Amino acid sequence: MWNWIQKFSSPKYFYDMSAKLIPWFAIPALVIGVYGLYLGLFVAPPDYQQGESYRIIFIHVPAAWMSLFVYMVMAISAGIGLIWQIRLADVVAAASAPIGASFTFLALVTGSLWGKPMWGTYWVWDARLTSELILLFLYFGYMALQSSIEDQRQADKASGLLAIVGVVNIPIIHYSVEWWNTLHQGATVAKFDKPSMHIDMLIPLLLMALAFKLFYAAVVLVRARNEALYRDRNRRWVRELIEKI
Amino acid sequence: MNKRSRRKMLVAMVIFGVSIATVLALTAFDENLLYFYSPTQIHEGEAPQNRSFRVGGLVVDGSVRREENSLAVQFDLTDNAAVVPVTYTGILPDLFREGQGIVAMGRLDASGLFVADEVLAKHDENYMPPEVADALNTAHEAGKSGQPTTY
């Protein structure tokens, strides 16, 4: 079992395998994303209260879900890297951080643009918005630690610990709308109850969420390949790869 | 204990310690994290007296009175238990209407009138086409039969 994991998590094996995997994520991401956007922007009915403006939900909500999902991937990878010292796990964590930060930023910007016409303000310091902003700073902190510590193993250790500590923020973001009175409304889809959304709006939303997930899978593979190459730049397998070119 | 399980322990301890610290901190800051007070809390005297705070609730049907020749507007806010009268001068957000949930920032005057200097609209987590909302309303009006609505 242990040898098996060692073999499949070797950067060289990953580098060869991931090249074949990327199109299987990238192409469905594009197709489902375009179809989901078309359904969301043109086919889905307007909302009874917010009219057409609610359509930003098809970007805002998938981006917000991904900001949490990518953080969990990053923290779990960092934890695996820290405990079992699997180098590929640290590579995946480091490759995920900028993607997660981008999703968080996108969620904050689209939320802000949605807030102005509906709530009457771009920004309020309520628990949901503030905890999501803290998530952005956690990503930034991880990236800063990664790039400011010279020794790669020390950098992985320090930034990985930060990623793990930051996990406490994830349930806070999710439950903030239940635990406190917030301006942000409660959960529509991610709850035990039936989703409070009409089926014609729900389907494009779930399609967009799927497209965002596939997009992340494709991008994280591309970034992790680069990261693996860079980290192993002095190892034999990378040298041999270069000589072949 | 070998190195690997020592690192496992370390990670578990970090998660545990930080969680405890966060729970304690959040409990301590609970009051400050409350984005708004409800009309019931104001009636029970939980709201601060001499500084501005936010109140959230539903605009009572038929309570909105606009002054002619100015932007001043008066309305009642309720959480279906208590009512707080609110006055505001300015432009209201698009979603402001009777029955709508809103959050107002301001302070209480001596007579118990809430003088707001900012009014934000809160919307619920329900998304549906207008026809469905109309149908739901009609069903609700006609005998209030069927399942209770949750919003």
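This text follows the structure it describes.
Cut-offs and rules
Residues numbered from 1 in each chain as written. Chains lettered and ligands numbered in written order. Predicted model: local features only at pLDDT ≥ 70, side-chain atom pairs only at ≥ 80, totals over all residues. Heavy atoms only, no water. Axes fitted to C-alpha atoms, helices over the stretch in contact; angles between N-to-C directions. Helix = DSSP H or I, 4+ residues; strand = E, 2+ residues; numbered from the N terminus. Parallel < 35°, antiparallel > 145°, perpendicular 65-115°, else oblique. Left-handed = near helix turned anticlockwise from the far one by under 90°. Contact = heavy atoms within 4.5 Å. Buried area = accessible area lost by both parts, 1.4 Å probe. Salt bridge = Lys/Arg side-chain N within 4 Å of Asp/Glu carboxyl O. Polar contact = N/O pair within 3.5 Å; in protein donor to acceptor, adjacent residues only side chain to side chain. Expected span 1.5 Å × (residues − 1). Buried < 20%, exposed > 50% of the residue type's maximum accessible area, 1.4 Å probe, protein only. Arc of directions from axis to C-beta. Phe/Tyr/Trp six-rings, centres within 6.5 Å; stacked < 30°, edge-to-face > 60°. Lys NZ or Arg CZ within 6 Å of the ring centre and 35° of its normal.

K.L.:
Teacher, can you tell me more about the packing of helix α4 (residues 87–119) of chain A against helix α8 (residues 199–231) of chain A here?
P.N.:
Packed helix pairs are characterised by how far apart their axes lie and by the angle those axes make with each other. Residues and elements named next belong to chain A. α8 packs onto α4 with a crossing angle of 135° between their chain directions and a minimal axis gap of 8 Å. In terms of their interaxial angle, α4 and α8 are classed as oblique. The handedness of the crossing between α4 and α8 is right-handed. Touching Asp90, Val91, Val92, Ala94, Ala95, Ser96, Pro98, Ile99, Phe103 and Leu106 of α4 are Phe212, Phe215, Tyr216, Val219, Val220, Arg223, Ala224, Glu227, Ala228 and Arg231, all from α8.

K.L.:
For this particular structure, what's the right way to read the interface of chain B and chain A?
P.N.:
Often, the extent of an interface is quoted as the loss of accessible area on bringing the components together. Contacts between the two partners involve 35 residues from chain B and, on the opposite side, 41 residues from chain A. With both sides pooled, the region where chain B packs onto chain A buries about 3,600 Å², and carbon together with sulfur makes up 64% of that total. If you sort the residues of chain B by the area they bury against chain A, Tyr35, His123 and Tyr127 of chain B come out on top, with a joint share of 21%. Connecting chain B to chain A are zero salt bridges.

K.L.:
Looking at this structure, I do not really get the pattern of salt bridges. What am I missing?
P.N.:
Once the charged atoms of two side chains with opposite charge are near each other, the side chains can pair. For the structure shown, the criterion picks out seven salt bridges over all chains. Here the salt bridges share partners, and the residues they tie into one network are Arg87, Asp232 and Arg235 of chain A.

K.L.:
Help me out: how do you make sense of unusual backbone geometry in this one?
P.N.:
Peptide bonds are trans in most cases, and residues, glycine excluded, mostly fall at negative phi. A positive phi is found at glutamine 85 of chain A, a non-glycine position, where the angle reads about 55°. One can find glutamine 85 of chain A in the loop between α3 (57–84) and α4. Not every positive phi belongs to a glycine, and asparagine 80 of chain B is a case in point at roughly 70°. Positionally, asparagine 80 of chain B belongs in the loop between β3 (72–78) and β4 (83–89).

K.L.:
What is the right way to look at the side chain of threonine 22 of chain B in this model?
P.N.:
Here threonine 22 of chain B shows up in helix α1 (residues 3–28). A distance of 2.6 Å separates the side chain of threonine 22 of chain B from the backbone oxygen of valine 18 of chain B, its partner in a polar contact. Setting aside chain neighbours within four positions, we find threonine 22 of chain B in contact with Val168 and Ile172 of chain A.

K.L.:
Mind showing me how you'd approach helix α6 (residues 152–165) of chain A here?
P.N.:
Residues separated by three or four positions in an α-helix point in the same direction, a consequence of the helix having 3.6 residues per turn. Here α6 of chain A is 14 residues long and its end C-alpha atoms lie 20 Å apart, about the 20 Å a rise of 1.5 Å per residue gives. Of all the residues in α6 of chain A, the buried ones are Ala155, Asp156, Ser159, Gly160, Ala163 and Ile164 of chain A. Down the axis of α6 of chain A, the sector holding all buried residues measures 150°, keeping them to one side. Turning to α6 of chain A, the residues buried within the fold contact α3, α4, α5 (127–148) and α8 of chain A together with α1 of chain B.

K.L.:
Got a minute to help me understand the packing of aromatic side chains in this structure?
P.N.:
The description of two aromatic rings rests on the distance between their centres and on the angle between their planes. Tallied over the full model, the rule gives 15 aromatic pairs over all chains. Ring geometry for tyrosine 15 of chain A and tryptophan 237 of chain A: centres 5.7 Å apart, planes at 55°, overall tilted. One end of the pair, tyrosine 15 of chain A, is in helix α2 (residues 11–43); the other, tryptophan 237 of chain A, is in helix α9 (residues 236–244), and 222 residues separate them in sequence. A connected cluster of aromatic rings, assembled from ring pairs, spans Tyr54 and Phe58 of chain A together with Tyr127 of chain B. Across from the ring centre of phenylalanine 69 of chain A, 4.6 Å away, lies the NZ or CZ of lysine 213 of chain A, which sits over that ring. When the ring centre of tyrosine 15 of chain A is taken as reference, the NZ or CZ atom of arginine 225 of chain A above it lies at 4.2 Å.

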